[in-house]
Amino acid sequence: MKKIKLIAAALALTMLSGCAKESAPESNERIVWGFGNADERGEIFYDSDERLYFVDFETMNSAMLCSKPNCTHSNENECSAFGMDNHPILYGDKLYFFDVETDVVDDEVVDTTIVYKAEPDGTNRVKVSEIEGLNFQIFTRTLIVGDKAYFSMNKVGWNEDLTASSGYDQMWFCTFDFSTEKLERGEMIYEGWCSTTWIFGQYDGKVIFSYGYSEEKIPYTLDLDEIERQIITVYKTYDTESGEIAELMLPEPICVGGGYYVYEKDGGAAVLSENGKELLFPELPVNGEMTITNGKLFNLPDQLCADLSNGKIYRLNTSDNLVIYTDGNYVLKSFNGLKQAYDYYKLSEKEYIGEAL
C-alpha cells in the first residue's frame, strides 16, 4: 500500500510540473484563500494537519506534495508537505507560498510576511520577498489576475503587556508581482476595531473590495447580531493600472467575476456586464455564496443557476461546492468530515444542470 501511495504521489507531482509548462492558467482570474485554491490544472488544499495536497482535474487523483521516498508525512522538519498552508499558489512551474514570522523588537511585536518560491513538491524553498510590519492572514481572500496578486495585510495591534492582540488593527492594500517576485505595500485603507476585508473580484479593470471595522472597541460578550450592528462597511475599488483606490460607484456587490458584476435589485439578482448591459433575474434569490462560472450565475444553496446567454434559470442536481469549469466539465467537491475534508468529482453540463424553471 505504501508503494502504491508513493507512485501516485510521484505521478501527480510529475503531472503538476508538466501541466505548468504546457498551459498558462495564470492569465485567468481566480480567488485564492483558505476555502479555495483552484486553476484549470487542479486544486491545492491542505488537511487538518496542515499538510499540502494537489488534486489533478484531468485524472481526479490527489496526492500529498511530498516526493520523498519512505516519508511518513508526520514530521514537519522532514516532510515537504508541511509549512506551505498560507496561500500556496501555483504559478508557471513553481509553487509560491507565504509565511509570517513574529518577533519582539524594542518592546514591540513585529510581524514580517515572507514570500517563498519552491518546486511543486515543496522542495528547494527560496525566499524571494518580504515586508516587515504586516501580517498576511491565512483566510484572507486574494485575487490573482495575470501575474499580479491583490490582497490586504494588517498591522496587528497588541495589548500593552504584549500577551494578546488588542483587536485594533491597521489594514493595508498590497500586491505581489509573480513576474518580478516583488511584494509591495500599497495604501493604508483604514484602521479600527474588529477589522475585516473581502475581495470580490475584478470588474472593468478594477478590483472590487470591501472592508469593515468599528470605531469603538466591541466587547466579545455581545452576540453576533449586536456586533454586526456596530460594524461600518465600506466598498472600494482598486485600479489595476494606476493603483488608485476610490469609492465604489455601483450598487453593493453580491459577487464579481468573469466580466460580470452581480447585485440585488427588486428582490432578485441583477447582472451588469462590462459593456453596460444589465440582465435581471427577479426569480433568482441572492446570497453570499453566489459565483459566476462558465457564463452562468450559480446560487448553490438554493440549487439554481442563471444562464447569462439566454436569461433562463435552471435547477442544479446538487448543492455541493462548485470549484471550477474546465475541459467541458464542472468540478465539484463535497465535505466528508475526514482529515482531507473534501471529495472531488466531475459532472458534465447535462449531469449537473437540470431543467429550466
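Note that the structure is predicted; figures quoted are calculated from it, not measured. (Residues numbered from 1 in each chain as written. Predicted model: local features only at pLDDT ≥ 70, side-chain atom pairs only at ≥ 80, totals over all residues. Heavy atoms only, no water.)

J.: How should I be thinking about the overall build of the chain in this particular structure?
T.: Broken down by element type, the chain carries three helices and 27 strands. A compact globule built from 357 residues would reach a C-alpha radius of gyration of about 21 Å, and the chain, at 21 Å, matches this within 12%. By principal-axis analysis of the C-alpha atoms, the chain measures approximately 55 × 55 × 40 Å. Within the chain, the fraction of its 357 residues that count as buried is 48%. (Helix = DSSP H or I, 4+ residues; strand = E, 2+ residues; numbered from the N terminus. Rg over C-alpha atoms; globule rule 2.2 N^0.38 Å. Buried < 20%, exposed > 50% of the residue type's maximum accessible area, 1.4 Å probe, protein only.)

J.: Looking at this structure, I do not really get the sheet that holds strand β3 (residues 52-56). What am I missing?
T.: Backbone hydrogen bonds hold the strands of a sheet together, and the pairing may be parallel or antiparallel. Pairing is antiparallel in the open sheet, where three strands are placed in the order β2-β3-β4. The sheet terminates laterally at β2 (42-46) and β4 (62-64), the two strands that pair on one side only. Direction aside, the axes of adjacent strands within the sheet are offset by 25° on average. By the bridge criterion, three bridges tie β3 to β4 in an arrangement that is antiparallel. Bridge pairing in β4 places Tyr 53 opposite Met 64. (Pairing = 2+ DSSP bridges. Axes fitted to C-alpha atoms, helices over the stretch in contact; angles between N-to-C directions.)

J.: Whenever I open this one, the side chain of Asn 135 confuses me. Can you help?
T.: With respect to the element layout, Asn 135 can be found in the loop between β8 (126-132) and β9 (142-145). A distance of 3.3 Å separates the side chain of Asn 135 from the side chain of Asp 111, its partner in a polar contact. When sequence neighbours within four positions are dropped, the list of residues in contact with Asn 135 reads Val 100, Asp 111, Thr 113, Met 153, Asn 154 and Val 156. (Polar contact = N/O pair within 3.5 Å; in protein donor to acceptor, adjacent residues only side chain to side chain. Contact = heavy atoms within 4.5 Å.)

J.: What's the story with the packing of aromatic side chains in this structure? I'm lost.
T.: Two aromatic rings are characterised by how far apart their centres lie and by the angle between their planes. Counting across every chain of the model gives 30 aromatic pairs. Centroid distance Phe 173 to Phe 209: 5.1 Å. Interplanar angle 45°. Geometry classified as tilted. With Phe 173 in strand β11 (residues 168-177) and Phe 209 in strand β13 (residues 206-214), this pair connects stretches of sequence that are 36 residues apart. Residue Phe 173 shares its accessibility class with Phe 209, and that shared class is buried. (Phe/Tyr/Trp six-rings, centres within 6.5 Å; stacked < 30°, edge-to-face > 60°.)

J.: Sorry, what's going on with the nonpolar core here?
T.: In globular proteins that are soluble, nonpolar side chains generally tend to be buried together. The biggest cluster of nonpolar side chains holds 18 residues, and the ones touching the most others in it are Phe 98, Phe 151, Met 153, Phe 176, Phe 178 and Leu 183. Those residues within four positions of Phe 151 in sequence are excluded, and the remaining contacts are Phe 98, Phe 136, Thr 140, Arg 141, Thr 142, Trp 172, Phe 173, Cys 174, Thr 175, Phe 176, Leu 183 and Ile 199. (Core = buried A, V, L, I, M, F, W, Y, C linked by side-chain atoms within 4.5 Å.)

J.: How should the pairing of strand β19 (residues 278-281) be read in this particular structure?
T.: Side-chain direction in a regular strand flips from residue to residue, so the side chains alternate between the two faces of the sheet. Here strand β18 (residues 268-273) runs beside β19; their pairing, made up of four bridges, is antiparallel. Bridging from a neighbouring strand, Val 271 pairs with Leu 279 of β19. In this antiparallel pair of consecutive strands, β18 and β19, the connection spans four residues, and Gly 276 shows a positive phi of 90°.

These figures capture arrangement, not role.
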